[in-house]
Every structure is written in C-alpha cells, then in structure tokens.
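Chain by chain, the residues run as shown.
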Amino acid sequence: MTTSTTGIGLGSIPDWRDRSTALAAGLVAAGKLSSPQWRAAVENVPRHLFVPRFYRHRDGRMITFSADDPRTRQEWADTVYTNTALVTLVDQDEHAGPVFLSSSSTPGLMTRMLEALDIHDGHTVLEIGTGTGLNAAWLTHRLGDKHVYSIDIEPGLVDTARARLAQLGYRPTLVTGDGSAGLPDHAPFDRIIATCSVPSIPWAWIEQTHIGGRILADVRAGTNAGNLVHLTRTARDRAEGNFDATGATFMSLRHHPGADSRIPYTRTSTDLPATTSTTTRDPRTPWTQPVVWFLAAMHLGSSYRIGYAGDPNDGPRAATITTPDGSRAEITLATDRRGHHTVRETGPVRLWRHVEHAHHIWDQAGQPPWNRLGLLVTPDKQTIYVDTIDAPLATIQPT
Ligand SMILES: C[S@@+](CC[C@H](N)C(=O)[O-])C[C@H]1O[C@@H](n2cnc3c(N)ncnc32)[C@H](O)[C@@H]1O
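Residues numbered from 1 in each chain as written. Predicted model: local features only at pLDDT ≥ 70, side-chain atom pairs only at ≥ 80, totals over all residues. Heavy atoms only, no water.

Per an unreviewed UniProt entry, the chain carries the name Protein-L-isoaspartate O-methyltransferase and comes from Amycolatopsis alba DSM 44262. Under the UniProt heading Sequence similarities (unreviewed entry), the note attached to the chain is "Belongs to the methyltransferase superfamily. L-isoaspartyl/D-aspartyl protein methyltransferase family." Quoted verbatim from the Subcellular location (unreviewed entry) heading of the UniProt record, the comment on the chain is "Cytoplasm". (UniProt positions renumbered as here; feature names shortened; annotations may be inferred.)

Side note on the pairing of strand β1 (residues 53–58)
For a regular strand, side-chain orientation follows a simple rule: the groups alternate between the two sheet faces. As paired elements, β1 and strand β2 (residues 61–66) share six bridges and run antiparallel to each other. Residue pairing for β2: Arg58 is matched across the bridge by Arg61. Count of turn residues in the β1/β2 antiparallel hairpin: two residues, of which Asp59 carries a positive phi of about 50°. (Pairing = 2+ DSSP bridges. Helix = DSSP H or I, 4+ residues; strand = E, 2+ residues; numbered from the N terminus.)

Side note on the packing of aromatic side chains
Taken as a whole and judged by the stated rule, the model has seven aromatic pairs. Between the aromatic rings of Trp293 and Tyr304, the centroid separation amounts to 5.5 Å while the plane-to-plane angle is 85°, which identifies the pairing as edge-to-face. Taken together, the positions of Trp293 in helix α10 (residues 290–297) and Tyr304 in the loop between α10 and β13 (305–311) put the pair 11 residues apart, joining distant regions of the chain. Both residues of the pair, Trp293 and Tyr304, count as buried. Ring pairs connect the aromatic residues Phe243, Phe294 and Trp370, which therefore count as one cluster. When the ring centre of Trp38 is taken as origin, the NZ or CZ atom of Arg142, which lies over that ring, is 5.4 Å away. (Phe/Tyr/Trp six-rings, centres within 6.5 Å; stacked < 30°, edge-to-face > 60°. Buried < 20%, exposed > 50% of the residue type's maximum accessible area, 1.4 Å probe, protein only. Lys NZ or Arg CZ within 6 Å of the ring centre and 35° of its normal.)

Quick look at the site of the ligand
Around the ligand sit 27 residues, and of these Ser102, Thr132, Asp152, Gly179 and Arg254 come closest. Between a nitrogen atom of the ligand and a main-chain N or O atom of Arg254, the distance comes to 2.6 Å. Protein coverage of the free-state accessible area of the ligand, which is 600 Å², stands at 99%. Here the shell around the ligand gets four residues from one element, more than from any other, and that element is strand β4 (residues 97–104). Residues belonging to the shell around the ligand are distributed by class as follows: nine nonpolar, 13 polar and five charged. (Near = heavy atom within 4 Å. Polar contact = N/O pair within 3.5 Å; in protein donor to acceptor, adjacent residues only side chain to side chain. Areas by Shrake-Rupley, 256 points an atom, 1.4 Å probe, with all protein chains shown as cover. Nonpolar A, V, L, I, M, F, W, Y, C, P; charged D, E, K, R; others polar.)

Notes on the pattern of salt bridges
Under the defined criterion, the tally for this structure stands at 19 salt bridges. For the salt bridge of Arg39 with Glu43, the shortest nitrogen-to-oxygen distance reads 3.2 Å. Linking Arg39 with Glu43, this pair stays in helix α2 (residues 36–44), spanning four residues, or about one helical turn. When the shortest N-O distance is used, the salt bridge between Arg162 and Asp159 registers 3.4 Å. Remark: Asp159 and Arg162 occur in helix α7 (residues 155–167); sequence separation between them is three residues, near one turn of the helix. For Asp159, a relative accessible area of 47% corresponds to the partly exposed category. (Salt bridge = Lys/Arg side-chain N within 4 Å of Asp/Glu carboxyl O.)

Here it is in structure tokens:
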C-alpha cells in the first residue's frame, strides 16, 4: 500500500497564502462559500501541507505528483490550490487494479457541506473520515481544538494527519477506528459530518447527536447510486431531512483498513437459459437518471458493476449490469422499429426488472428530483419519502 507522509514544510510553496486566498475567492465567486468564518479557514490553512502528494491516472498509468519529485513538483504546486479532489492513498489490487482509499475532497464541496451544517461557535463536531486532515484543520481553525473530533479507519492516515495538524498548532481529537460506530466516549455532538459514503445511516450517529443537532452524509447504494442527505435529529427516536439538490459522491466506508476483500465475480452458468425481453426505458439509466438508479440499485447489492459492451472500434452497443453471482443484463442502446430496446439477461437473477420497477414507482410519484426526497431514520427503519412521510417511496435496509 502506498501511504502519504508529512515531511514538507510551509515553504514548499512560498506564495501559498496568495494561492489559498485566490482559491477562497474562486469558491465565493462560484457560490460555494459565503461565510467569513469558513473563508478565513480556507485562506489560512495551507492545503499543500495536507496534500504533499497525490495520484492520477494518466495514459493508462497511475502517476504520483509530489512536492519532492522535481519531475512532477510544478504540476503538484499548480494543482493543490485548485478546486479539485486529489487522491492521496491508493492500494494496488491484483485483479481490480488501483483502488482509491483516501483523497482530499473538492474544496468547494467541503465548504458547501460545512456551510450546510450551519455550524456555530461553541459547537462540537465529529467528522467520519479524517483522510488528509484538511477538513479537521478547517474545523479546528473555526471552532478550536476542544470542539473537533475526527476518526478514520486507516491508522497511518490518522497519525499523519495528527502530525500535520500539530505543525499548525492544532490539536483536535483524532481517533483510529471504524467511524460507523461514531465516537461514543465523546458524544453527544452538535454536528456529524461523514466524508465517506454509507449504504444506510448508522443509528449510532443519530444517538450521538444532540436533539436538534444535524448530520450530513452521502447515502449510497453502489456506483452512481446515492447523494448527500441533510438530517436533523428531531426526537430521541428519529432524524429526518432532505436529499441534496446538487449532489456529491464520496468513497465508501470500509469496516477494515486497506481495500475491501473483493467479492469474486463468478461466470454466468451456461446451464441457466438466457432470457430476452424488451423495454422502452433508457438503457443508460445508471448514468442519466440518478434518482431512478438509486431506487433500483438498492436491490442489486453494493457490489454490482455497470458498463458498456461493444466493439472498441464501433463504440458501445449495449449497457450492462452485472452482479457477483454471475447475473448479467445487457440492454441494447439502439431500438427496433417500435422504439424498443432488447434486454438479454443471463445468470440466476433478472436484474433489469429492478430498473423497470424503480422507473415505475418514480413515475407514479411524479418524477421527483433529489431535493423532494426525504429520509426518515428511526432505530429499526429508514424510509425514503416524497415531500412528506405520508408519501413513502422506498425503504433502506439498515446495515
Ligand atoms: C474522502 S476521504 C476523507 C477526506 C478528509 N475529510 C479530508 O479532509 O482529507 C474518505 C476517508 O474515509 C475513510 N474511511 C473509510 N471507511 C471508514 C470508516 N469505517 N471509519 C472512518 N473512516 C473511514 C477513508 O480511509 C478515507 O480517508
């Protein structure tokens, strides 16, 4: 595994303050930052200290951009104060290739989330997903050491973040562990912000938030299927709120350090007959209809894959959905004379029916966009609804 280290000083980018001031001004101009307090945090915390190197796929290879490599140093310096997410921890999986384990999130998304949480002086905040430590640094700049807690599953990241924060004189409480359990010893919190995605909201997070307090997290069923949800704990036994109008994507929460043990994909059994049907729904639903795909993906398990089939010279011919049990749906992009796409399914489970069903319930509900969808979280059930809980749309199984 490739780990990032501390190791660089403020002087690595002598004009960093000009750059961080320009970054903050750009975020203000783009409507992603408005409060003077968070603007001061962006301006005064040197992002390059938290991202001494990042990784990018280029020309089929993973390239490291680093402060201490003369070949990539200039590009590193030119990138680190831009409004870009930067991958900072990568694992090489023998079969799946590079797996991204940590990143410094897009600064404009971070400021948007911090402002949406309506954080005030004196609030105590728990962050799930310390990563580089940059968000913890902004929080500590704003609230002070005693009011900031952050947890990450990767011990190396936590140690490194602690050292970087100390370089700036910040000493928030950083913990190594599985953030899905929250931080019971330090609860309750006024705000919880998760910078990794979860398939459902852990009840521990609600229990560890003051009544009236807020939680912001990315609820995600799998690839392309999820969004941020803004929750308020409204009573002892419930939290509720709406999905975000704009949307955002975070890497998934893992229960162990390092890459997840990948679920092996089995080959489709040739004993099982293939079936063919037709559909008028968009075969590109996973890419074009985020709400519908979220509703469908909840039934596919988090390990599904989506993609395209076709000849590299002729371009894609069909959209594909596959699951580890060997089930596969292939939906032609072209239509026949009646405007129908052909759906060919193999393996034990007919996957496309979940997409048809999701389209159906979304149509029946009046095709609501993300921000008309609400989430009610109780100890034993999580319900997605349209506008009011009297109009339930789907249930998320708590994990
Ligand atoms: C997008 S990065 C976080 C970025 C970070 N907030 C920053 O400012 O750099 C997501 C982080 O979630 C962490 N993570 C994954 N599973 C976790 C878990 N169960 N508990 C806590 N952190 C976890 C990853 O190790 C990764 O560092």
